[in-house]
Amino acid sequence: MRRPTRSFSRRVLLSQLAVIVVTLALVTGVFAWMGARSVTEVTETKALATARTLAIDPEVRKGSTQASAQPAGEAEEAITTPLLEITDDLRDSSGIVFAVITDDRGIRLTHPDRDNIGKRVSTSPDEALAGRESVTHERGTLGETVRAKVPIYSSSDDESVVGEVSVGIHASVLDADLRREFLVLGSVTVLALVIGVIASLALGRRLRRETLGVGPEELAEMARDQGAVLRGLDDGVLAFSSSGEPTLSNATAEELLGIAHVDADEDDVDTGEDSTASVTGGPASASQADVPEVIRSMMLEAPDHGALRRRVTVGDRILLATAVRVSRDGVSVGGVVTLRDETQVLTMARQLESVTSMARALRTQRHEFANRLHTVLGLVDTGATDEARNYLATILRTGPIATPVEGIEVITDPYLRALLEAKGTTAAEAGVTLAVTPDSLVLGRVKEPEDVTLILGNLIDNAVRAVVTNASGSGADGASRTDEVFGRVEVTLLGSGPELHAVVTDSGGGVDDDDAESIFDEGISSADGLDPEHGHGIGLALCRRTARRHHGRVWLLSGHDPDLGGAGFAMGLPDVLSEDADDDVSIGGNHEDDIPAHETSTDESSADESSADDKER
């Protein structure tokens with residue numbers, strides 16, 4: 001589409017000026033015609049009224065009657081002198097050009113020019129002598145005038161026409177009145193034109209400011225591009241005005257925020273089209289009312305340059321929100337907030353972290369177990385079968401490797417055991433002792449290992465970090481290999497049918513009562529100096545969300561544990577344990593009861609024989 005060369009505001013200005021000029025021309029023409037007509041009518045009315053007044057004057061009627069009764073010729077001075085006095089006084093007082101009185105033959109009895117008295121009038125008197133009044137614009141001996149001619153009736157019978165009265169007002173007087181009218185009308189027209197031009201310029205400037213210099217063609221193209229972009233984005237998009245009010249959203253943003261879908265036109269709802277972009281309505285708009293305050297505040301806090309990124313919690317979702325201000329030609333036009341759902345990504349990252357920890361522990365076990373198998377193989381090859389038997393019995397009692405977790409032998413589930421061993425190794429490297437309390441008992445098997453290890457692993461990690469931070473005051477920098485023991489973390493695990501309960505307490509600084517609920521909010525972290533943008537500050541929120549998905553919960557059991565002094569967090573997850581426990585031998589468990597009786601007795605007898613042989617030697 002070819003775009004116009006002139007800007008939209010200039011085109012609007014020119015159009016407005018054209019409309020104003022045409023309108024003023026029409027209005028001026030109409031008012032000029034009406035004014036000229038009005039002035040003419042006033043002049044004609046004045047001339048006619050003066051002629052009527054003069055025609056009914058008794059002296060005029062008497063003189064005209066006497067003159068008409070005489071034979072044709074010059075009128076007697078006795079008749080014309082009184083009439084001249086009357087017309088001269090009238091001309092002086094009313095401002096008329098002339099007042100001419102004639103007899104019934106059209107012979108002048110009065111005239112401003114005395115030489116014309118006794119002569120026939122220059123214009124036809126037939127209308128007046130016929131008994132009809134008339135008003136005409138004619139040219140006579142005194143020039144062009146507006147003339148009113150009125151018949152004079154006889155003073156004796158009031159029926160016979162004995163002459164006429166002709167009153168004239170010079171056309172220059174009419175022209176002067178018209179010029180005054182046109183001058184006033186022209187002044188008003190010019191003033192209206194100036195006001196219109198100023199208003200058009202102001203409106204054009206406002207249009208440029210409001211539309212940022214963008215014309216309707218560009219606006220239409222931008223609207224089409226905007227709809228395509230909003231439909232093509234997987235992220236949620238919220239647009240805000242310069243005052244911070246939401247003005248635009250796509251379907252993804254509405255889904256992530258759980259706000260109502262608002263169309264610019266309600267009729268769009270019935271079309272069945274998949275409208276992904278919507279323009280919010282007025283103050284009663286559900287969309288505007290439901291936009292979370294944290295999103296609104298981000299738009300207000302966003303810098304003029306760059307972007308503000310923050311993880312926010314909306315319902316059961318963790319969203320990465322990015323707020324950017326938008327300006328054009330140095331003028332702020334609002335801003336945009338993009339939303340990305342990171343709930344699943346963060347959950348998978350935590351699960352992967354737990355699996356990685358367990359895999360690391362299993363690799364360590366495999367390596368140590370391989371070393372011990374080589375030892376057994378060496379003993380068998382050398383014929384020391386008794387020593388090999390005793391060595392294997394010892395392994396069965398203590399587990400394949402020495403684990404840094406105190407009391408782990410009470411845990412038989414492979415997932416829980418692997419997680420605790422992995423976290424125990426990490427805690428030991430940071431100088432923290434991880435222990436399982438003696439009253440722990442889990443008889444079932446974990447059937448939701450990803451979510452269970454996610455929640456429990458995160459609680460243990462937070463506890464270890466709190467201990468290190470409280471002891472050294474150096475945050476994550478204290479998590480280096482050391483022989484110094486900073487503190488202690490205790491884990492209690494209890495299984496009740498399909499339910500799994502856990503309590504993790506530490507000897508850290510604890511949690512204040514004021515922070516008991518806010519610590520589960522997004523971006524809150526007890527680790528000093530840690531960057532929330534890189535994952536810290538979302539663990540507890542993610543744990544609580546994962547627990548709620550299983551209809552369970554994670555909560556702060558105690559801000560300051562009476563025994564250890566640190567915080568105590570509890571977890572309750574229903575329907576995550578399988579009630580049928582396997583009877584197979586578990587990794588590293590205490591399985592003396594699983595060894596057949598005859599093998600146990602054989603081991604004991606062999607051990608006694610070996611002891612007797614040693615005594616004999």
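The structure this text deals with has already been given above.
For clarity, every value in this text was computed on a predicted model and none was experimentally measured. (Residues numbered from 1 in each chain as written. Predicted model: local features only at pLDDT ≥ 70, side-chain atom pairs only at ≥ 80, totals over all residues. Heavy atoms only, no water.)

**Digging into the overall build of the chain**
- If you tally the helices and strands in the chain, you get 15 helices and 18 strands.
- Considering the chain as a whole, with its 617 residues, one finds that 40% of them fall into the buried category.
- Here the analysis covers contacts within the chain between residues at least 6 apart in sequence; of these, 63% occur between residues at least 24 apart.
- Of the roughly 33300 Å² of accessible surface on the chain, a fraction of 53% belongs to carbon and sulfur atoms. (Helix = DSSP H or I, 4+ residues; strand = E, 2+ residues; numbered from the N terminus. Buried < 20%, exposed > 50% of the residue type's maximum accessible area, 1.4 Å probe, protein only. Contact = heavy atoms within 4.5 Å. Areas by Shrake-Rupley, 256 points an atom, 1.4 Å probe, with all protein chains shown as cover.)

**Re a negative patch on the surface**
- Together, Asp-512, Asp-513, Asp-514 and Asp-515 line one region of the surface with negative charge.
- With respect to the helices and strands, Asp-513 occurs in the loop between strand S15 (499-506) and helix H14 (539-549). (Patch = residues over 30% accessible without salt bridge, like charges linked within 9 Å, V, L, I, M, F, W, Y side chains within 5 Å. Salt bridge = Lys/Arg side-chain N within 4 Å of Asp/Glu carboxyl O. Lys, Arg positive; Asp, Glu negative; His and termini not counted. Charge placed at Lys NZ, Arg CZ, Asp CG, Glu CD.)

**Points about helix H13 (residues 449-472)**
- Taking 1.5 Å of rise per residue, the 24 residues of H13 would be expected to cover 34 Å, and the 33 Å separating its terminal C-alpha atoms lies within 8% of that figure.
- Taking burial as the measure, the 24 residues of H13 include 17 buried ones, the bulk of the element. (Expected span 1.5 Å × (residues − 1).)

**Comments concerning the packing of helix H2 (residues 58-69) against helix H3 (residues 77-94)**
- Relative orientation of the contacting elements H2 and H3 amounts to 150 degrees, with a least axis distance of 10 Å. For the pair H2 and H3, the crossing hand works out as left-handed. Only Ile-79, Leu-83 and Ile-86 of H3 make contact with H2, whose side of the interface consists of Glu-59, Val-60, Gly-63, Gln-66 and Ala-67.
- For the contact of H2 with H3, the residue count by class is 5 nonpolar, 2 polar and 1 charged. (Axes fitted to C-alpha atoms, helices over the stretch in contact; angles between N-to-C directions. Left-handed = near helix turned anticlockwise from the far one by under 90°. Nonpolar A, V, L, I, M, F, W, Y, C, P; charged D, E, K, R; others polar.)

**With respect to unusual backbone geometry**
- The backbone of His-551 sits at a positive phi, close to 65 degrees, despite the residue not being glycine.
- On the secondary structure map, His-551 appears in the loop between H14 and strand S16 (553-558).
- A positive phi angle, close to 60 degrees, is found at Asp-575, a residue other than glycine.
- Its location among the elements puts Asp-575 in the loop between strand S17 (568-573) and strand S18 (577-578).

**What about the pattern of salt bridges?**
- Summed over the entire model, instances satisfying the criterion amount to 14 salt bridges.
- The closest approach of N and O atoms between Asp-103 and Arg-105, which form a salt bridge, is 3.2 Å.
- The exposure class of Arg-105 is partly exposed, given its relative accessible area of 27%.
- A salt bridge links Asp-104 to Arg-105; its shortest N-O distance comes to 3.7 Å.
- When salt bridges with common partners are traced through the structure, they connect Asp-88, Arg-91 and Arg-114 into a single cluster.

**Quick look at the pairing of strand S14 (residues 487-496)**
- Judged from the 5 bridges that link them, strand S12 (residues 432-436) and S14 form a sheet pairing that is parallel. Looking across to S14, one finds that Thr-433 is bridged to Arg-488.
- Relative to S15, S14 runs antiparallel, the two being bridged by 8 bridges. For Ser-496, the partnering residue across the bridge sits in S15 and is Glu-499. (Pairing = 2+ DSSP bridges.)

**A look at the nonpolar core**
- Core analysis: the biggest nonpolar cluster contains 45 residues, and Ile-455, Leu-456, Leu-493 and Phe-569 have the highest contact counts within it.
- Among the secondary structure elements, those contributing two or more residues to this core are helix H12 (414-429), S12, H13, S14, S15, H14, S16 and S17.
- Here this core gets 10 residues from one element, more than from any other, and that element is H13.
- Counting residues in hydrophobic clusters, the runner-up holds 21 residues, among them Ala-47, Leu-54, Leu-109 and Val-162. (Core = buried A, V, L, I, M, F, W, Y, C linked by side-chain atoms within 4.5 Å.)

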